[in-house]
Amino acid sequence: MALLKRSKLNYQISCTQYLQRVRHLGRSVLLDSGYPKCQRGRFDIISAAPIASLSCTKGSLSGDNLPFELSQISDPFIALQQLQQYAIEKGLSDNSIDNNADNGEVPFCGGLLGYFGYDLGRCIEVMPQIACDDIALPEMHLGLYPWAIIIDHQLQQAQLIGCDLVSDEDFAQLQTLLENPATDTRPSSENFSLTEKFNSNVSAGYYTQALEKIDEYILSGDCYQVNFAQRFKATCQGDPLDAYLKLRSAAPTHFSAFIETEHGAILSLSPERFLSVDQSGTVMTQPIKGTQPRDIDPNIDQANKHYLENSEKDKSENLMIVDLMRNDISKSCALHSVKVPALFAVESYKNVHHLVSTVSGKLDEHHDAISLLRNCFPGGSITGAPKIRAMQIIDELEPHRRSIYCGSIGYLSLCGRMDTSITIRTLLIEDDNIFCWAGGGIVADSQIEAEYQETFDKVNNLLDALQN
């Protein structure tokens, strides 16, 4: 068994207390389960100071402290596989983990943490260069993190976990840092605030024209569904973490994340899992399609939920994506292993009800988690069907590229696990600008006014949390 470095920490319900203690180390990452407001949330993962990194910017690969040359590699997923293999060989004495019951499960024991932007899909499929590209964030950035703070809310315990890539001396210094009162060695940060309100890149008139064009494509047989989105932008100042805490309070979700970047931060309040793989190779994806708003009146709220449970339009929309995801994961899964254990389940969040389905499978012997990710990227729930044609229509009709929106955030652990989200309900702070996106799946019987309103239902609570 490969014995991990472990140190017990004081259990904290608030994951950000430990994040504050390591932020000054640089490139901090928080994968946040939303606990206690999200009772299903279990693990929070916190780390900083990666020892290597891999990025893709406009299709060009770059990295820091990589153990291999990038000059002969053009595919970011192949580079990612090489970095992961290096990490496993150097970080563990073998490929198994001491994951005994006394210490609880370990979702992440060191490995890759980061994000995949929606436009990374251009490295997989040739796409037209139509939409404006005005955001500097790389299409992909992952760091190799040799240690992490794991908070297990189910067992109510916390621990510092490290692999062989972190020295005993550095691990001991981390222990000392985490046992002391929270400090931030950076200059004092200002409270976050907007310096102007959010404005959309899509007017109501343009939205109508775009949906009419999508209707034409659907009627002509080009596609069955297209996910169309608008982008909101404002100027801002202050600490991105303060903004994240305001958003977390307004919209707690179990796939939330805070990632500090070179020019700001990614603030994600996503409710949607993209892909997970456990140590046995079991694959799961949980696409969301179908939304109804919550209401403070319990009778109206229950009526909205009941409507969603019985909406043939929403079920049809959801089923299209279930079929798409079954096809995508089957490229990497063993024959006859792909199943749909849950179809049309309703999940309720602070501001919306969602229709969620679950698709599962088993990796075959020729594929790993990274090849699965490549075969499924970007997620079908945020493109439409068929995927490639839907993406071409999105590029034609949306005024700006999506950047982090509708991409993915997650981890690839040395212990064999992967878990990733779909980056909906996600904001990006870059320099003095903040961006937020909202969209929905458009099908043949979509009502333009209802679809337009749905985009606001999804993000109004986020925008209001910062504007107020």
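You'll find the structure just up there.
What comes next concerns the included structure. In every chain, residue numbers begin from 1 and rise along the written sequence. Only residues with pLDDT of 70 or above have their local features reported here, since the model is predicted, and side-chain atom pairs are shown and tallied only from 80 upward, although totals for entire chains, interfaces and linings are computed over all residues. Values shown for side chains rest on all heavy atoms present in the structure; no hydrogens or waters enter the calculation.

**Examining the overall build of the protein chain**
1) Next: In this description a helix means any DSSP run of H or I spanning at least four residues, a strand means any run of E spanning at least two, and both kinds are numbered starting from the N terminus. The helix and strand inventory of the protein chain stands at 10 helices and 24 strands.
2) Next: If one aligns the C-alpha atoms of the protein chain with their principal axes, the spans along those axes are about 65 × 50 × 45 Å.
3) Next: In the protein chain, which comprises 468 residues, the share counted as buried stands at 59%.
4) Next: Any two residues whose heavy atoms approach within 4.5 Å are treated as being in contact. Contacts spanning at least 24 positions in sequence make up 76% of the contacts within the protein chain whose residues lie at least 6 apart.
5) Next: As displayed, the protein chain has an accessible area near 18700 Å², and 47% of this comes from carbon and sulfur atoms.
6) Next: Computing the positive centroid from 38 side-chain charges and the negative centroid from 60, the protein chain places the two 2 Å apart. Buried means the residue's accessible area, taken with a 1.4 Å probe over protein chains only, is under 20% of the maximum for its type, while exposed means over 50%, and partly exposed covers the values in between. Only the protein chains shown count as covering a residue, and every accessible area follows the Shrake-Rupley method with a 1.4 Å probe. When charges are counted, Lys and Arg contribute as positive and Asp and Glu as negative, whereas His and the chain ends are disregarded. Here the site of a charge means atom NZ of a Lys, CZ of an Arg, CG of an Asp or CD of a Glu.

**Here we look at a nonpolar patch on the surface**
1) Next: Patch membership is restricted to residues that have no salt bridge and whose relative accessible area is over 30%. Joining uses 9 Å for like charges and 5 Å for the nonpolar side chains Val, Leu, Ile, Met, Phe, Trp and Tyr. One side-chain nitrogen of Lys or Arg within 4 Å of one carboxyl oxygen of Asp or Glu is enough to make a salt bridge. A cluster of nonpolar side chains, namely Leu-319, Val-340 and Leu-343, defines an oily patch on the protein surface of about 210 Å² accessible area.
2) Next: Tracing the sequence through the fold places Val-340 in strand E18 (residues 339-348).

**Looking at the pairing of strand E24 (residues 433-442)**
1) Next: In terms of burial, E24 is a largely internal element, nine of the 10 residues being buried.
2) Next: Across 10 bridges, strand E12 (residues 225-237) lies against E24 in antiparallel orientation. Note on E24: the bridge partner recorded for Gln-230 is Ala-438.
3) Next: The sheet contact formed by strand E23 (residues 426-430) and E24 spans four bridges and is antiparallel. Looking at the pairing, Glu-430 lines up with Asn-433 of E24.
4) Next: Should DSSP find at least two bridges between two strands, the strands are regarded as paired. The antiparallel hairpin formed by E23 and E24 contains two residues in its connecting segment, where Asp-431 sits at a positive phi of about 55 degrees.

**Digging into the pattern of salt bridges**
1) Next: Tallying each qualifying case throughout the model produces 24 salt bridges.
2) Next: Salt-bridge contacts for Asp-152 lead to Arg-42; the nearest nitrogen and oxygen are separated by 2.9 Å. Highlighted residues: Asp-152 in strand E8 (residues 147-152) and Arg-42 in the loop between strand E2 (29-32) and strand E3 (43-47), separated in sequence by 110 residues. Neither Asp-152 nor Arg-42 differs from the other in exposure class; each is buried.
3) Next: Here Asp-395 makes a salt bridge to Arg-122, at a shortest N to O gap of 2.6 Å.

**Describing helix H6 (residues 298-310)**
Since the α-helix turns once every 3.6 residues, residues separated by three or four places project in the same direction.
1) Next: Between its first and last C-alpha, H6 extends 18 Å over 13 residues, near the 18 Å set by a 1.5 Å rise per residue.
2) Next: When H6 is considered as a whole, its buried residues turn out to be Asp-301, Asn-304 and Leu-308. Buried positions in H6, seen along its axis, are confined to an arc of 60 degrees and lie on one side of it. Pointing more than 90 degrees away from the buried face of H6 are the exposed residues Pro-298 and Asn-299.
3) Next: In protein, a polar contact requires one atom able to donate a hydrogen and another able to accept it; more generally it is a pair of N or O atoms within 3.5 Å, and residues adjacent in sequence count only if both atoms are side-chain atoms. Capping the start of H6, Asp-297 holds a side-chain oxygen 2.9 Å from the backbone nitrogen of Asn-299, two or three residues further along. The span one expects for a helix is its residue count, reduced by one, times 1.5 Å. The directions considered for the arc are those from the helix axis to the C-beta atoms.

**Some points on the side chain of Asp-301**
1) Next: With respect to the helices and strands, Asp-301 occurs in helix H6.
2) Next: In this structure the side chain of Asp-301 is engaged in a polar contact, spanning 2.7 Å, whose partner is the side chain of Arg-294.
3) Next: A polar contact of 3.1 Å, which involves the side chain of Asp-301, links it to the side chain of His-353.
4) Next: Not counting residues within four places of it along the chain, the set of residues in contact with Asp-301 comprises Pro-293, Arg-294, Asp-295 and His-353.

**Quick notes on the nonpolar core**
1) Next: Here, the term nonpolar core denotes a set of buried Ala, Val, Leu, Ile, Met, Phe, Trp, Tyr and Cys residues that are joined through side-chain atoms within 4.5 Å. Membership of the largest hydrophobic core comes to 95 residues, with the highest contact counts inside it found for Leu-54, Ile-214 and Leu-372.
2) Next: If near-sequence neighbours (up to four positions away) are discounted, Leu-54 is found in contact with Leu-61, Ser-62, Gly-63, Leu-66, Leu-70, Pro-76, Ala-79, Leu-80, Leu-83, Met-140, His-141 and Leu-142.
3) Next: Membership of the second largest hydrophobic core comes to 42 residues, among which are Leu-174, Cys-236, Ala-243 and Tyr-244.

**So, the packing of helix H2 (residues 76-91) against helix H8 (residues 369-376)**
Helices that pack against each other are described as a pair by the angle of their axes relative to one another and the distance between those axes.
1) Next: Fitted lines through C-alpha atoms serve as axes, helices being fitted only where they are in contact, and the angles separating the N-to-C directions of these axes extend from 0 to 180 degrees. As a packed pair, H2 and H8 sit with axes 10 Å apart at the nearest point and diverge in direction by 165 degrees. If you check the angle between H2 and H8, you find them roughly antiparallel. Handedness of the H2/H8 crossing: right-handed. In contact with Phe-77, Leu-80, Gln-81 and Gln-84 of H2, H8 contributes Ile-370, Ser-371, Leu-373 and Arg-374.
2) Next: Residues were grouped as follows: Ala, Val, Leu, Ile, Met, Phe, Trp, Tyr, Cys and Pro as nonpolar; Asp, Glu, Lys and Arg as charged; and all remaining residues, including Gly, as polar. For the contact of H2 with H8, a count of residues per class yields four nonpolar, three polar and one charged. Should an angle fall under 35 degrees it is called roughly parallel, over 145 degrees roughly antiparallel, and 65 to 115 degrees roughly perpendicular, with every other angle called oblique. Left-handed describes a crossing in which the near helix is turned anticlockwise from the far one by less than a right angle; the clockwise case is right-handed.

**Notes on helix H3 (residues 168-179)**
1) Next: For H3, with 12 residues, the first-to-last C-alpha span of 17 Å sits near the 16 Å given by 1.5 Å per residue.
2) Next: Every buried residue belonging to H3 is among Phe-171, Leu-174, Leu-177 and Leu-178, and all of these are buried. Around the axis of H3, the buried residues are gathered within 120 degrees of arc, so they sit on the same side. Within H3, the exposed residues directed more than 90 degrees away from the buried face are Asp-168, Glu-169 and Glu-179.

**Re the packing of aromatic side chains**
1) Next: Think of it this way: a Phe, Tyr or Trp ring, Trp meaning its six-membered ring, pairs with another when their centres are within 6.5 Å, and the plane angle makes it stacked under 30 degrees, edge-to-face over 60, tilted otherwise. Scanning all chains against the criterion turns up 12 aromatic pairs.
2) Next: When the ring of Phe-274 is compared with that of Phe-377, the centres are 6.4 Å apart and the planes differ by 65 degrees; the resulting orientation is edge-to-face. Remark: Phe-377 occurs in the loop between H8 and strand E20 (384-385) and Phe-274 occurs in strand E15 (residues 273-277); sequence separation between them is 103 residues.
3) Next: Through a chain of ring-to-ring contacts, three or more aromatic side chains come together here, namely Tyr-207, Phe-228, Phe-232, Tyr-452 and Phe-456.
4) Next: Here, a charge over a ring is recorded when the distance from Lys NZ or Arg CZ to the ring centre is within 6 Å and its angle to the ring normal is within 35 degrees. Sitting over the face of the ring of Tyr-217, Arg-389 holds its NZ or CZ atom 4.9 Å from the ring centroid.

**Description of the packing of helix H4 (residues 204-219) against helix H9 (residues 387-397)**
1) Next: Where H4 meets H9, the axes come as close as 11 Å, and the angle between the chain directions of the two elements is 150 degrees. Considered as vectors, H4 and H9 are oriented roughly antiparallel to each other. Like other packed secondary-structure pairs, H4 and H9 cross with a definite hand, here right-handed. Here H4 contributes Tyr-206, Ala-210, Lys-213, Ile-214 and Tyr-217 to the contact with H9, which in turn contributes Arg-389, Ile-393, Glu-396 and Leu-397.
2) Next: In terms of residue class, the contact of H4 with H9 is made up of six nonpolar, no polar and three charged.

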